[in-house]
Amino acid sequence: MAGTTPGTPRVLRAMNDRAALDLLLEYGPLSRTRIGKLTGLSKPTASQLLVRLEAAGLVVATGTAAGRPGPNAQLYAVNASAAHVAGLDVNTHRIVAAVADVTGETVGEFELRTPGRRADSVVREVTEALDGAVADAGLTRADVHRVVIGTPGAFDPNTGRLRYASHLPGWHAPTLLDELAAVLPMPVEYENDVNLVAVAEQRRGAARGHGDFVLLWNEEGLGAALVINGRLHRGFTGGAGEVGFLPVPGAPLVRQVTKANAGGFQELAGAQVLARLARELGIEDAPASGTHHEIAAELVGRAAEAVERGEGGPYATLLDRFATGLATGLASLVAVLDPEIVVLSGALFARGGEQLRARVAAELAELAASRPRLLAGDVTHRPVLRGALESALATTRDEVFDTSR
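Residues numbered from 1 in each chain as written. Predicted model: local features only at pLDDT ≥ 70, side-chain atom pairs only at ≥ 80, totals over all residues. Heavy atoms only, no water.

(A) Representation of the overall build of the protein. Within the protein, the secondary structure is distributed over 13 helices and 15 strands. Computed over C-alpha atoms, the radius of gyration of the protein comes to 24 Å, within 12% of the 22 Å expected from 2.2 N^0.38 for 405 residues, which places it in the range of a compact globule. Projected onto the principal axes, the alpha-carbon positions of the protein cover approximately 75 × 50 × 40 Å. Buried residues in the protein amount to 49% of all 405 residues. Across the protein, contacts joining residues at least 24 apart in sequence account for 61% of those joining residues at least 6 apart. Of the roughly 18,400 Å² of accessible surface on the protein, a fraction of 51% belongs to carbon and sulfur atoms. Here the protein contributes 39 positively and 46 negatively charged side chains, and the mean placements of these two sets differ by 5 Å. (Helix = DSSP H or I, 4+ residues; strand = E, 2+ residues; numbered from the N terminus. Rg over C-alpha atoms; globule rule 2.2 N^0.38 Å. Buried < 20%, exposed > 50% of the residue type's maximum accessible area, 1.4 Å probe, protein only. Contact = heavy atoms within 4.5 Å. Areas by Shrake-Rupley, 256 points an atom, 1.4 Å probe, with all protein chains shown as cover. Lys, Arg positive; Asp, Glu negative; His and termini not counted. Charge placed at Lys NZ, Arg CZ, Asp CG, Glu CD.)

Below you can see the structure in the form of structure tokens.
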């Protein structure tokens, strides 16, 4: 069968169809008159388009606009059940899975705790978490068009093995990707967790409309995502953005960083430094229990609250020193990439709020030649999972919404 030629009626119809579907995703239910105005199509052409999309199962009639009699008052929306995707967020303690319909609405979610993970348990854990979310959505595995799995580190495209995440037990087997492909009936993609946070911010958050930005993540670990000309930059081995390993002034050199799973920037401004700073500053009411990132988040939160109240003292000093450490590493990234904006995301930035953001911005203005705007991340609820769903949706919509075939 001969391929279609750009500019032929079939291709032009497909382009109009996709434009209308994208408008329905953006605005919600629209009348055919409104779709015609937004696309520039005539009323007869818009009507034919909607008939075609309804017959294809891609749009549904959803009622009428109040106070507008006549056939044009009928509203249409994307058929949410036209496709479903899944996303998984994996860390050392748990796997969270979610299913979304083609509009992006989350319709099922499941969390699986993974203490004592072993190398032979990963496939079982992934399928159990996915099946839990699928069941919560009232679906089956066969209803899911695509899965995106987010992990720390990155799968090297040259070897298929996970790199830069020695702290994630069980995920380094050379046959893991083949084993998962054998048990999952849909396409499966893998992405670095911080890259997925950047996808979420680019699609739904602070980075919308920005083609060049850096996202700095600070939670269990310190990492970055690099977006250049609107696209994620992953690097040759998938390791672009592994800035926890970045040598920086003010921190000792760490050799054999992949074995130590640490580096200069992580030691200067990662979560683990907050407890040490608290001890050095004589803060006596520091939290005594919890993981290092839970303790760090609590300390940063208390410091920000103290500064907000106008208090000085050790908590204010802690916030200043933490901000200086963060700006030191960011200055290197800014010097190389010259981004339009920097998005600060993760639990430590969320707890530090505007007080921490403003201090990092002020320090960066002193250390970097260019001065990108620093913005707080907007996607704060399960941002890795949201990014996984958005990534899966982008590809799935291209496939399902293509009416040229």
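(B) Expanded view of the nonpolar core. If you look at the biggest cluster of nonpolar residues, it comprises 47 residues, and the most contacted ones within it are Leu-216, Phe-322, Leu-326, Leu-330 and Leu-356. Looking at this core, the elements with two or more residues in it are β11 (213-218), β12 (222-228), α8 (264-269), α9 (273-280), α10 (292-308), α11 (313-337), β14 (341-345) and α12 (347-367). Not counting residues up to four positions away in its chain, the partners in contact with Leu-326 are Leu-216, Asn-218, Leu-222, Phe-265, Ala-269, Phe-349, Leu-356 and Val-360. (Core = buried A, V, L, I, M, F, W, Y, C linked by side-chain atoms within 4.5 Å.)

(C) Spatial organisation of the layout of surface pockets. A volume near 420 Å³ is recorded for the second largest pocket. If you go around the second largest pocket, you meet 14 residues; those closest to its centre are Leu-25, Arg-203, Arg-208, Glu-390 and Arg-397. At the level of elements, α1 (9-27), α6 (193-204) and α13 (383-400) are the ones that each hand at least two residues to the lining of the second largest pocket. For the lining of the second largest pocket, the element with the most residues is α13, which contributes 5 residues. Along the lines of polarity and charge, the residues of the lining of the second largest pocket split into 3 nonpolar, 2 polar and 9 charged. (1 Å grid on protein atoms, 1.4 Å probe; cavity = no way out; pocket = protein on both sides within 12 Å on 5 of 7 lines; lining within 4 Å. Points joined across faces, edges and corners; volume = space filled by probe spheres on them. Nonpolar A, V, L, I, M, F, W, Y, C, P; charged D, E, K, R; others polar.)

(D) Looking closely at the sheet that holds β12. The 5 strands lie next to each other as β13-β12-β11-β14-β15, forming an open sheet whose pairing is mixed. The open sheet has two edge strands, β13 (231-232) and β15 (373-376), and neither has a second partner. Alignment of β14 against β15, held across 4 bridges, turns out to be parallel. When the sheet's bridge partners are listed, Val-343 is paired in β15 with Leu-375. Sheet strands touched by α11: β11, β12, β14 and β15. Its angle to β11, the strand with the most contacts, is close to 150 degrees. (Pairing = 2+ DSSP bridges. Axes fitted to C-alpha atoms, helices over the stretch in contact; angles between N-to-C directions.)

(E) Focus on the packing of aromatic side chains. All chains considered together, the criterion is met by 2 aromatic pairs. Geometrically, the ring pair formed by Phe-155 and Tyr-190 is tilted, given 5.1 Å between the ring centres and 55 degrees between the ring planes. Taken together, the residues span a long stretch of sequence, with Phe-155 in strand β8 (residues 154-155) and Tyr-190 in strand β10 (residues 188-192) at a distance of 35 residues. Exposure remark for Tyr-190: the relative accessible area of 22% places this residue in the partly exposed category. (Phe/Tyr/Trp six-rings, centres within 6.5 Å; stacked < 30°, edge-to-face > 60°.)

(F) Highlighting the sheet that holds strand β3 (residues 74-78). The strand order across the open sheet built from 3 strands is β1-β3-β2, with neighbouring strands paired in antiparallel fashion. Of all the strands in the sheet, the pair left with one neighbour each is β1 (30-31) and β2 (59-64). Pairing of β1 with β3 involves 2 bridges; the strand directions are antiparallel. When the bridges of β3 are listed, Leu-30 appears paired with Tyr-76. Contacts from α1 reach β1, β2 and β3 within the one sheet, and its direction differs from that of β3 by about 95 degrees. Across the sheet, helix α3 (residues 43-55) touches β2 and β3, and the angle it forms with β2 is around 115 degrees.

(G) Geometry of the pattern of salt bridges. This model, assessed by the stated rule, comprises 23 salt bridges. A salt bridge links Asp-17 to Arg-52, with the shortest nitrogen-to-oxygen separation between them at 2.7 Å. Here Arg-52 lies in helix α3 and Asp-17 lies in helix α1, a separation of 35 residues in the sequence. For Asp-17, a relative accessible area of 0% gives the class buried. Ionic pairing is found between Glu-280 and Arg-276, a salt bridge with its closest N-O pair at 3.0 Å. Here Glu-280 pairs with Arg-276, and both are found in helix α9, just 4 residues apart, close to one helical turn. On the basis of relative accessible area, Arg-276 is assigned to the partly exposed category, the value being 33%. Salt bridges sharing partners connect three or more residues here, namely Glu-109, Glu-111, Arg-113 and Arg-382. (Salt bridge = Lys/Arg side-chain N within 4 Å of Asp/Glu carboxyl O.)

(H) Summary view of α13. For α13, built from 18 residues, the straight-helix expectation of 26 Å at 1.5 Å per residue is met to within 8% by its first-to-last C-alpha distance of 25 Å. Where burial is concerned, most of α13 is hidden: 14 out of the 18 residues are buried. (Expected span 1.5 Å × (residues − 1).)

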